[in-house]
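# Secondary and tertiary structure notes
This is what each chain is made of:
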Amino acid sequence: MGYVPVGQVTATHGIKGEVKFHYYNDEKEVFYAYTSFLVKNENNRWVKIKPIEKRLYKGFFYLKFK
């Protein structure tokens, strides 16, 4: 099964475990509807992760995960 990428983690941010996320869609409000993401782990397997915080700042989302 193929997946459609919605963005990319570009950096870590701060000391509270956030990541800076570049969302590919120009309609930023759509991003808030996502409840989970699939990422590939070091074993090249898909893992579902759920954000507990999302915030938009200067065109990038800052996310914190469980």
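Predicted, not measured: the structure shown is a model, and the values here were computed from it.

### Quick look at the nonpolar core
Within the largest apolar cluster, seven residues are counted, these being Val19, Phe21, Tyr23, Phe31, Phe37, Phe61 and Leu63. Of all elements in the fold, only β2 (18-23) and β6 (60-65) reach the threshold of two or more residues within this core. Ranked by the residues each element gives to this core, the list is headed by β2, at three residues. Phe21 has contacts with Val6, Gly7, Gln8, Val9, Phe31, Phe60, Phe61 and Leu63, leaving out every residue within four places of it along the chain.

### Observations concerning the side chain of Lys28
Here Lys28 is to be found in the loop between β2 and β3 (37-40). In this structure Lys28 is buried but unpaired, with Asp26 as the nearest side chain of opposite charge at 5.5 Å.

Rules behind the numbers
Residues numbered from 1 in each chain as written. Predicted model: local features only at pLDDT ≥ 70, side-chain atom pairs only at ≥ 80, totals over all residues. Heavy atoms only, no water. Core = buried A, V, L, I, M, F, W, Y, C linked by side-chain atoms within 4.5 Å. Buried < 20%, exposed > 50% of the residue type's maximum accessible area, 1.4 Å probe, protein only. Helix = DSSP H or I, 4+ residues; strand = E, 2+ residues; numbered from the N terminus. Contact = heavy atoms within 4.5 Å. Lys, Arg positive; Asp, Glu negative; His and termini not counted. Salt bridge = Lys/Arg side-chain N within 4 Å of Asp/Glu carboxyl O.

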